[in-house]
Amino acid sequence: MNIRDIHIYGFGPFVDVKYSFDHDGIHVIYGKNEAGKSSLMAFIQAILFGFPKRNQKANRFVPKGGHTYGGNIRFSSSRYGDVTIERVKKSKAAGDVTVYLWDGTSGGEALLHQVLAGMEQGQFLGVYAFDAHGLQGVEEMGADELNRYVYDTSATGGVSLKEIEKGLTRKKEELFKPRGQNQTINRLLKSLDDIAQSEKQLTKQYEDYDTLVYKRMNHEERYEQLQEERRQLLEEERSLAKLEQLDPLIEQYDQYKSLKNETEDMDTFPENGLERLESVKERLLLLDVDLTEKKNEHERIENELANQKVTEEEEALKAKIETIREELGSYEAKKEQVNTFLNTLEDEIEKNQSLIRSLGDQVDEEQIDRIDIHTEDEQKYQSLKKDYEQAAYNLERLHEERQQCYDTLLTHERRIESLQQESLSEDRRQWLEAMVDFGENKDERIQELERKREQVAQKNQLNEKQSKSHKGFTYALVALAGVASFLSVWFFIQGQNGLALLFLVYSLVSFGGFSERRRSHQHKKMQIPEVNQEDHVRLRELEERLASFERLSYEDVKKQWDAEQQRVRMLEREEELYEDRCREYETINLRFERFETQMDTFHKQIIDWVKEKQLPVYEDLTVYDRVIQMVKTCQENKKSIERNKKQSESIGDELAQFEREVMHVLEKLNEPQDMSVRKALEKMYQFLHQYEEKKQTEVKLKERLNRLDEDIRLTKQKLKKWKQEQDVLFAEGKAEDEQQFRQLAKKWEQHRSVEEKLRTLKYEMERVYTDPQELEAASHSLRQGSIDFDKSKQKFQMRQKEIENKEREEMEAITECKQKIEALEKGKGEESLHGQRSLLETDLQEESKAWAVYLTAEHLLEKAKHIHERERQPLVIQKAQGYFEKMTNGRYTNVFVPIDEQRFVIERYDGVRFSPHELSRGTYEMLYLAVRFALIQSIHHDESWPVIIDDAFVNFDPNRRQNVWNMLQSFTDRQIFYFTCHPYVLEEGSWENQHDLQADFI
């Protein structure tokens, strides 16, 4: 039964994770600590056998975050094919399981038990799953225990057999021991004996009812006496406790009372007198030191002040420098002004020249001076310019208007041309009109068509009739004319000329009538076809229109006709608008010519004015505003240049006067006069700075002298005041000097402390005895003689215990008497004992059955062990011997169990034999591993269960570990999952199925 797929919904750290194991053989699963190896192994066990319960110690691996707890595993079974086992946590503690078979069948726990072929979790863990923890206690085992451990492993795969035996023995002994007392069955037997004794006593008690009543009354009376005695004892104990609490207080109170008597002569003393004295002494000392320091400081400052006094010459020089400093701003401003004037002059001259050059070669500076434009002249120019601009504006507007009109004409022309192109031909229009007319008068046209058809038919019939009658009449006339001609000839031959002439005339008339008849018939025949032709044309026209109307949609024809009519109306409207715009365009052209004439007139007037004022003539009249402004600007600039020249000369004289005054001051300062004004001012500022420092020092020194004088005066006053305060303090303390005052202060403090302690002790005593008389009596009692409180308390305790014991005995006796009396009165005592005995006998029967089951299980287990040792264990040991020899490279060649002994013996290649406890830990673990795999291979199941190993080979050296890898790879008939956190495992074996939890599965 091999694992193929694992899907974890939520288990420990895993959420919605899928794993696949498509191959058999060994699967090495590598992962660092906390990668999820233990969680994955626990998940496999949980899906197969259920989630751990809350009261179990095992980790339940409940996922965080509210994800579904559980998942599914798909197995490949030799018996059931593909089997999927799904388990999720719903209502059951172990989880709700669903098993899905390949044929669609599904079921629950019953089907799971059937698929697992009865495999239990304990058997699975004991045989098919093991780790290094199964060997952790090996080193601590003794020789016999270690041997037994390996022996049990060969039987069940682990220590479970030994634990089962211990458990059975423990359960059996919990129920019964031959000489036990606390076991369940022993206690039940003891209770039954007690009930038997009680039944015997109950029989005797019926005889002693009056005695029981009398005894109960005596016990109750003694119980009340004991309670009263106990209350008195408690009252005495409380009194003793108060005396014990009061005793140290009385002792202290008497001691402080005697101390107070020693200081009775001190009725008063200054409050905090000693502290006040210390404060006064400290103040006097500080004031004395401060006064000395201030006098020394006063003398030093007077000497310094004599050296820092300012002379009259320095005062005068300082006033002169102050004047220069006040005028320095004006000097700097004027100097800056001169520089500004000079720079401005250069800029204005250059600017003026630039303006003159910009006017062109026609104008020079002299011509600028000659130009004289007054306000009236400029106003005249502005009036002419305004008229010219208005005419130009009107002309521009007319030009735009004419252009708009011309654009409109072009638009109308294009629209007319477009509408003409879109219009239909005359034939098409007539055809549409006829079709619309036919559609609008369809019934009339159909009736007209029928009438035409009838008329044509009638005319054709008439024509045929006329042709037939004409032919008969013609033939008759010809026949008569021929007969008449024949008769005429015959009578002429006969010589009857009259008759011959008559018949000749008749023949001629007949031929004449024939000719006229024929001509008339020809004329009528010619007229009838013309009429028939018109009828036929009209008939064809109506038939064609009817055929076209039936072939076409009347709505489409009507839309085409309406669109054509709309185009015709639009074309007529556009032609009317086009005529209007043509007339408007001619009017605009006339106005445009008139404004052009006005503009030329104004232009000539402006040119005449420019020539009159000797201004240069330009083609562009718009520049004259700028030219006039530039001329006026040049003239104003020239005047400004003249003014600036005069001002700069005046300011230069003032600057020279200021510099002469500066040089004079330098002479007073004994400084060279060849330096600049800036450096001279720096020298003056240095003098002023020195003067100010000297002056400030003088002022500060005077101020400090004044403050010192005031401080010395105040310090003397304070010194005098504090000396008076000291004398007052001595007087209040009735002391003549400081030493006596200190002695009195110490005595007063002792007096105050004693009084405070006496008040505290008095308060505490009053808390113990609130009644003054009781307090006085208790105090007198304590002062009269000492009391041994410890001994008294011990007596009280002993007496109290004695009373409590007597009370308990009396209460028990009373209760016993009451119960006996009530039992005798109600008559139910015997029935109660019978009922208790029945219950105890039932419990004894149930517990005896349980003890028999454990005993039977113990015998059956022992019998099964003997059968296993006799029949199955030899095969396990034989296979274990082969595995152990391979893993140790042939060092240990034989493993066997001596006859009738439950222990292993290991034989080395040289014949030396060892017990398991004599092997090294690594070799012993190899023996354990060999026995486990021998047991796995010896168990015959319908399914080949996978083996799960959790890093169990950490104590093997590389060579022996390689032997183990080779042995594991030889098991090709089942899956083996080896979980490890050691990277060297991946390097030591060439694993076909190697997985990394952090890479392959995540």
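Summary of the structure given here. All of these numbers come straight from a predicted model, not from anything done at the bench.

Comments concerning the overall build of the protein
Thinking step 1. When helices and strands are counted, the protein shows 24 helices and 14 strands.
Thinking step 2. Split into buried and exposed, the 1002 residues of the protein put 36% on the buried side.
Thinking step 3. Looking at the protein alone, contacts between residues at least 24 apart form 73% of all its contacts between residues at least 6 apart.
Thinking step 4. Counting only carbon and sulfur atoms, one obtains 48% of the accessible surface of the protein, whose full area is about 61800 Å².

Observations regarding the packing of helix α8 (residues 273-307) against helix α17 (residues 677-732)
Thinking step 1. Axis separation between α8 and α17 bottoms out at 8 Å; the angle between their running directions is 155°. Put simply, α8 runs roughly antiparallel to α17. Considering only the axes of α8 and α17, their crossing is left-handed.
Thinking step 2. By residue class, the composition of the contact of α8 with α17 is 15 nonpolar, 5 polar and 21 charged.

Observations concerning the packing of helix α22 (residues 921-938) against helix α23 (residues 958-969)
Thinking step 1. Taken N-terminus to C-terminus, the directions of α22 and α23 make an angle of 5°; their axes are 12 Å apart at the nearest point. Taken together, the axis directions place α22 and α23 in an arrangement best described as roughly parallel. In this structure, α22 uses T923, M926, L929 and F933 to contact α23, whose residues at the interface are R960, V964, M967 and L968.
Thinking step 2. Here the residues of the contact of α22 with α23 sort into 6 nonpolar, 1 polar and 1 charged.

With respect to helix α1 (residues 37-49)
Thinking step 1. The end-to-end C-alpha distance of α1 is 19 Å, a good match for the 18 Å that 13 residues give at a rise of 1.5 Å each.
Thinking step 2. When α1 is considered as a whole, its buried residues turn out to be K37, S39, L40, M41, A42, F43, I44, Q45, A46, I47, L48 and F49.
Thinking step 3. Immediately downstream of α1, the backbone of G50 shows phi near 105°, a positive value.

Describing the pairing of strand β1 (residues 2-11)
Thinking step 1. Counting buried positions over the 10 residues of β1 gives 9, a clear majority of the element.
Thinking step 2. The pairing of β1 with strand β4 (residues 70-77) spans 7 bridges and is antiparallel. Looking across to β4, one finds that I8 is bridged to G71.
Thinking step 3. Count of turn residues in the β1/strand β2 (residues 14-20) antiparallel hairpin: 2 residues, of which G12 carries a positive phi of about 60°.

Topic: the state of the cysteines
Thinking step 1. As enumerated under the stated definition, the model contains 0 disulfides in all.
Thinking step 2. Lacking any disulfide linkage, C405 is separated from the closest cysteine sulfur, that of C582, by 7.9 Å.
Thinking step 3. Residue classification places C405 among the buried residues on the basis of a relative accessible area of 4%.

Some words on α22
Thinking step 1. Across its 18 residues, α22 extends 26 Å between first and last C-alpha, which sits within 8% of the 26 Å expected from 1.5 Å per residue.
Thinking step 2. Within α22, 17 of the 18 residues are buried, leaving the element largely enclosed by the surrounding structure.

Considerations on the side chain of H219
Thinking step 1. Residue placement: H219 occurs in helix α7 (residues 209-262).
Thinking step 2. Given the relative accessible area of 12%, H219 is considered buried.
Thinking step 3. Only 2.9 Å separates the side chain of H219 from the side chain of R222, close enough to count as a polar contact.
Thinking step 4. Leave out the neighbours within four places in its chain, and H219 touches E810, A813, I814 and C817.

A short note on the packing of aromatic side chains
Thinking step 1. Summed over the entire model, instances satisfying the criterion amount to 14 aromatic pairs.
Thinking step 2. The interplanar angle of 20° and the centroid separation of 5.0 Å between the aromatic rings of F953 and Y978 together place this pair among those described as stacked. In this pair, F953 is assigned in the loop between β12 (947-950) and α23 and Y978 in strand β13 (residues 975-980), connecting sequence segments 25 residues apart. Of the two residues examined, F953 and Y978, each falls in the buried class.
Thinking step 3. Above the ring of F592, the side-chain terminus of R402 is found at 4.2 Å from the ring centroid.
Thinking step 4. A cation sits over an aromatic face here: R594 above F595, 5.8 Å from the ring centre.

Digging into the sheet that holds β2
Thinking step 1. With antiparallel pairing, 6 strands are arranged side by side in an open sheet as β2-β1-β4-β5-β6-β7. Taken across any chain shown, the strands that pair with only one partner, and hence form the sheet edges, are β2 and β7 (106-107).
Thinking step 2. Here β1 pairs with β2 via 6 bridges, running antiparallel. Across the sheet, I8 pairs through a bridge with V17, a residue of β2.

Criteria and cut-off values
- Residues numbered from 1 in each chain as written.
- Predicted model: local features only at pLDDT ≥ 70, side-chain atom pairs only at ≥ 80, totals over all residues.
- Heavy atoms only, no water.
- Helix = DSSP H or I, 4+ residues; strand = E, 2+ residues; numbered from the N terminus.
- Buried < 20%, exposed > 50% of the residue type's maximum accessible area, 1.4 Å probe, protein only.
- Contact = heavy atoms within 4.5 Å.
- Areas by Shrake-Rupley, 256 points an atom, 1.4 Å probe, with all protein chains shown as cover.
- Axes fitted to C-alpha atoms, helices over the stretch in contact; angles between N-to-C directions.
- Parallel < 35°, antiparallel > 145°, perpendicular 65-115°, else oblique.
- Left-handed = near helix turned anticlockwise from the far one by under 90°.
- Nonpolar A, V, L, I, M, F, W, Y, C, P; charged D, E, K, R; others polar.
- Expected span 1.5 Å × (residues − 1).
- Pairing = 2+ DSSP bridges.
- Disulfide = S-S within 2.5 Å.
- Polar contact = N/O pair within 3.5 Å; in protein donor to acceptor, adjacent residues only side chain to side chain.
- Phe/Tyr/Trp six-rings, centres within 6.5 Å; stacked < 30°, edge-to-face > 60°.
- Lys NZ or Arg CZ within 6 Å of the ring centre and 35° of its normal.

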